[in-house]
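# Per-entry structural report
One-letter residues, chain by chain:
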Amino acid sequence: MTVTNSSLNSFMERKMFDKFLDIFARHYQRNRKVYNSIVFSFLLHGFVMLLLCLRVWDFSLKNETENFVNIEIGFSQEPQSKQPESIEENSPKEQPELPWSPMPSEMQKTAENPKPFSDLEKLREDLIHLQENEMPTSDSLSSEKEKSQDLDKKEQEIEKQLLQREKIRSFLLSEGMESKKIQESRGQNRKQLLREGGGGKNTENAVYAGLDWLYRHQSPNGSWDADNFMSCCKDSPCSGAGLDWADPATTGLALLAFLGSGYTNKEGKYKEAISRGLEYLISIQQENGCYGKAYPQHMYNHSIATFAICEGYMMCHDIKFRKSAIKGVLYILEGQNPGMAWRYTPLCRDNDTSVTGWCLLALKAAMSAEIQVPLKSIESSKVWLDQVTMKGEEPWVGYTSPDKNYTMTAVGTICRIFFHTSRDTPVILGSGKLLYNNPPAWSSQNDYYYWYYGTLAMYQLGKSYWNTWNQNLIKTLILHQEKTGCLKGSWGQGRFSGGRVYWTSMAILCLEVYYRYPRIFKSH
């Protein structure tokens, strides 16, 4: 039999292939783990690459869908113009005395080339989506079909806003002080909380008298004028003028007093006063979000005004208040010193506990109103509080450094409580003991600032701390509230130069403590 070359070649190829398989099988048996690892690694990397490809495809599709929806609804696709970071130089030659904290010898200049927090894009996007959008009116529609399309667009816009609201809610840090609980405590649960907290008819009468004085001394433009409120007096002018640049702050505090008592711009005796006050703050808000002019200490004005606008939105549910509040919150967040806190001007590379306290209360109000606040900002503020807190059994908190300061200790205590420091930690218990030993007492120069922060803190700490403080607070404020003339309902003889509007607002806020915020530590 003859064997052709092709048959011989095929035979040799099969022989070599069989031999290769035999060698590979023996090699595989000896190195099974190595081969298995290679196969597993190949499959794993392939799976990861597949996921990445799907993620990129999903993100691209999502962006295209969102752009299409935005165009259908009418939202602008143009990016928001970046506001200038420089602060307007508008300060007087001589710096006035600060009404809420000691005045340092020199002011700090704003940092050059300030670098704001980078974690604020979602909040900026929220502000962009809240820009007012003019929808077609019914008069401009020429057919039933156009009317139907208009209704569809409005429904889509509402669904978009509700979706955005749910996204924001998922970022909230607040646990025991969300909007609903605060509104219930100031409304339907008010009488019960008043009774349980140690208040009564006498404290409520003092609150109503104080609000009535504020109501009678609101300026025609909606503000509460710190230095010229007496122009509203019908009898002999009231005394106690404050600083001429502090109107945004005094207006904010007066509004907080009305809102803290459960009043809104929708109903009640003071609805017009609240509406005009909130509109005033919106009218003085600059393009960069700052409320009022950039005076040397304007972060006091801005933080308190932001505090009031956030609570105004929470209580009144008006979208224009939300827009203004987001701009104000962004100004605070972008003005925070990186890794630290705040002082008189944004990004000034200097910090103090007084301004930081007001900024943190404003951010807490923002969170309660379902406005996103980055966790990084809160944690940085806690770093500052730790830096100015004395170590040991007496955790005093200082103004710019560790120091024995009752007022700053009260500020630090309530800020820690509001941002989830446990009641049983040594710093909270130790601070409570310090405040317990210095309850409110009337003098020729009364520290309403200390009483306000101390009252918030001691109420949260509960019975063992609160009862004695509360008894002294009621005795001090009710006994010394003005009872006659145009002054009736107000308080005077304050320590700092905030003026009678400031003193009266702070006293009212102290007497609203029973229902203004729910207790966080329920068992106490």
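A short tour of the structure in this document, coming up. Model, not experiment: these values are computed from the prediction.

Turning next to the side chain of threonine 251. Among the secondary structure elements, threonine 251 is positioned in helix 8 (residues 247-260). Using a relative accessible area of 0% as the deciding quantity, one classes threonine 251 as buried. If we skip the residues at most four places from it in the chain, threonine 251 touches Gly222, Ser223, Trp224, Gly277, Tyr280 and Leu281.

What follows deals with the pattern of salt bridges. If charged atoms from side chains of opposite charge come close, those side chains can pair. Under the criterion given, the structure shown has ten salt bridges. In this structure, lysine 320 and glutamate 279 form a salt bridge, with 2.5 Å as the shortest nitrogen-oxygen distance. In this pair, lysine 320 sits in helix 11 (residues 319-334) while glutamate 279 sits in helix 9 (residues 271-283), placing the two residues 41 residues apart along the sequence. By relative accessible area, lysine 320 is classed as partly exposed at 33%. Salt bridges linked by common partners bring Asp212, Arg216 and Lys269 together as one network.

There is a patch of nonpolar side chains on the surface, built from Phe40, Leu44, Phe47, Val48, Met49, Leu50, Leu51 and Leu52 and spanning about 790 Å² of accessible area. Within the secondary structure, leucine 51 is located in helix 2 (residues 32-73).

Scanning the entire structure with this criterion turns up 20 aromatic pairs. Relative to tyrosine 270, the ring of phenylalanine 258 lies with its centre 4.9 Å away and its plane at 55°, an arrangement referred to as tilted. Pair noted here: phenylalanine 258 is in helix 8 and tyrosine 270 is in the loop between helix 8 and helix 9, with a separation of twelve residues, a long-range link. Judged by relative accessible area, phenylalanine 258 falls into the buried class, the value being 0%. The buried category is assigned to tyrosine 270, whose relative accessible area is 4%. Taken together, a centroid distance of 5.3 Å and an interplanar angle of 70° make the contact between tyrosine 449 and tyrosine 453 edge-to-face. On the criterion of helical spacing, the pair formed by tyrosine 449 and tyrosine 453 is a turn pair, its members being four residues apart in helix 16 (residues 448-461). For the pair formed by tyrosine 449 and tyrosine 453, the shared burial category is buried. Through successive ring pairs, a cluster of aromatic residues spans Tyr215, Trp224, Phe258, Tyr263 and Tyr270.

Before going further, it helps to spend a moment on helix 13 (residues 375-387). Between its terminal C-alpha atoms helix 13 stretches 19 Å, which fits the 18 Å expected from 13 residues at 1.5 Å a residue. Every buried residue belonging to helix 13 is among Ser377, Ile378, Ser380, Ser381, Trp384 and Leu385, and all of these are buried. Axial view of helix 13: buried residues confined to an arc of 160°, hence all on one face.

So, about helix 14 (residues 406-418). With 13 residues, helix 14 extends 19 Å between its outermost C-alpha atoms, agreeing within 8% with the 18 Å of an ideal straight helix rising 1.5 Å per residue. Within helix 14, twelve of the 13 residues are buried, which leaves the element mostly enclosed by the surrounding structure. For helix 14, the full list of buried residues reads Thr407, Met408, Thr409, Ala410, Val411, Gly412, Thr413, Ile414, Cys415, Arg416, Ile417 and Phe418. Residues of helix 14 that are buried sit in contact with helix 12 (353-368), helix 13, helix 15 (426-436) and helix 16. Taking the backbone nitrogen of threonine 407 as reference, a side-chain oxygen 3.0 Å away marks asparagine 405 as the first, capping residue of helix 14. Histidine 420 lies just past helix 14 and shows a positive phi near 75°.

The rules behind the values
Residues numbered from 1 in each chain as written. Predicted model: local features only at pLDDT ≥ 70, side-chain atom pairs only at ≥ 80, totals over all residues. Heavy atoms only, no water. Helix = DSSP H or I, 4+ residues; strand = E, 2+ residues; numbered from the N terminus. Buried < 20%, exposed > 50% of the residue type's maximum accessible area, 1.4 Å probe, protein only. Contact = heavy atoms within 4.5 Å. Salt bridge = Lys/Arg side-chain N within 4 Å of Asp/Glu carboxyl O. Patch = residues over 30% accessible without salt bridge, like charges linked within 9 Å, V, L, I, M, F, W, Y side chains within 5 Å. Areas by Shrake-Rupley, 256 points an atom, 1.4 Å probe, with all protein chains shown as cover. Phe/Tyr/Trp six-rings, centres within 6.5 Å; stacked < 30°, edge-to-face > 60°. Expected span 1.5 Å × (residues − 1). Arc of directions from axis to C-beta. Polar contact = N/O pair within 3.5 Å; in protein donor to acceptor, adjacent residues only side chain to side chain.

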